[in-house]
Amino acid sequence: MSEPSDLDLEHIKAKLLARKAELEQLDESSADARKPVELDQTRTGRLSRMDALQGQAMAQATHRRREQELQRIEAALKRIDAGEFGECVHCGEAIAAKRLEFDPTTPLCIDCARQD
């Protein structure tokens, strides 16, 4: 198993920052879809309003998932800056490099992740 010290932290940090910017841009561009739906029946019919409510609910769920991913990215960036990136936040053991390459935001080693 490769150790996290084998990782290119600058590359990982750049990758995380790029993903963060992408998520923030996507979230900004979808802000209108999360706005409350008008209930004026004279302007839209019942089915159109139901479609709009469903679209709004899906946009809000997507927004929540993006927020969670942004929080994970921020936490990973803090671990990089603190010199703790690649260490399991639960047990302190090294996280496998392949696991970090697949998901650089992962805070747990595979053993601790299995326990959750």
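Residues numbered from 1 in each chain as written. Predicted model: local features only at pLDDT ≥ 70, side-chain atom pairs only at ≥ 80, totals over all residues. Heavy atoms only, no water.

Some details on the overall build of the protein
Item 1. When helices and strands are counted, the protein shows four helices and zero strands.
Item 2. Listing the helices and strands of the protein from first to last along the sequence gives α-α-α-α.
Item 3. Of the contacts formed within the protein by residues at least 6 apart in sequence, a portion of 56% connects residues at least 24 apart.
Item 4. When the accessible surface of the protein is summed, it comes to about 8100 Å², and 51% of that surface belongs to carbon and sulfur atoms. (Helix = DSSP H or I, 4+ residues; strand = E, 2+ residues; numbered from the N terminus. Contact = heavy atoms within 4.5 Å. Areas by Shrake-Rupley, 256 points an atom, 1.4 Å probe, with all protein chains shown as cover.)

Things to note about the nonpolar core
Item 1. Counting residues in hydrophobic clusters, the biggest one holds 17 residues, and the most contacted among them are Leu7, Ile12, Leu16, Phe85 and Cys88.
Item 2. Of all the secondary structure elements, the ones that give two or more residues to this core are α1 (9-29), α2 (46-81) and α3 (97-102).
Item 3. In terms of residues, this core owes the most to one element, α2, which gives five residues.
Item 4. Those residues in contact with leucine 7, other than ones at most four positions away along the chain, are Ile12, Phe85, Ala97, Leu100 and Glu101. (Core = buried A, V, L, I, M, F, W, Y, C linked by side-chain atoms within 4.5 Å. Buried < 20%, exposed > 50% of the residue type's maximum accessible area, 1.4 Å probe, protein only.)

Focus on the confidence of the model for the protein
Item 1. Averaged over every residue, the pLDDT of the protein is 86; the share at 70 or more is 83%.
Item 2. Here α2 stands out as the least confident element of the protein, with mean pLDDT 90; helix α4 (residues 110-115) is the most confident, with 94. (pLDDT = per-residue confidence, 0-100.)

So, the pattern of salt bridges
Item 1. For the structure shown, the criterion picks out seven salt bridges.
Item 2. With its nearest N and O atoms 3.2 Å apart, the salt bridge here joins arginine 19 to glutamate 22. Residue arginine 19 and its partner glutamate 22 are both found in helix α1; the two are separated by three residues, about one turn of the helix.
Item 3. If you follow the salt bridges from partner to partner, you end up with Arg19, Glu22 and Glu69 in one network. (Salt bridge = Lys/Arg side-chain N within 4 Å of Asp/Glu carboxyl O.)

Digging into α1
Item 1. The terminal C-alpha atoms of α1, which comprises 21 residues, lie 30 Å apart, in line with the 30 Å expected from a rise of 1.5 Å per residue.
Item 2. Where α1 is concerned, the buried positions are Ile12, Leu16, Lys20, Leu23 and Asp27. The buried side chains of α1 occupy one side of the element, clustering within an arc of 75 degrees when seen end-on. Opposite its buried face, α1 presents the exposed residues Glu10, Glu28 and Ser29, each directed more than 90 degrees away. (Expected span 1.5 Å × (residues − 1). Arc of directions from axis to C-beta.)

A few points about the state of the cysteines
Item 1. Counted under the stated rule, the structure contains zero disulfides.
Item 2. Here cysteine 112 stays unpaired: no disulfide links it, and the sulfur of cysteine 88, its closest cysteine neighbor, is 3.7 Å away.
Item 3. On the basis of relative accessible area, cysteine 112 is assigned to the buried category, the value being 6%. (Disulfide = S-S within 2.5 Å.)

Some words on the side chain of threonine 105
Item 1. The residue threonine 105 is located in the loop between α3 and α4 in this model.
Item 2. Of the polar contacts made by the side chain of threonine 105, one reaches the side chain of arginine 72; its length is 3.0 Å.
Item 3. Leave out the neighbours within four places in its chain, and threonine 105 touches Leu16, Arg72, Ile73, Ala76 and Arg79. (Polar contact = N/O pair within 3.5 Å; in protein donor to acceptor, adjacent residues only side chain to side chain.)

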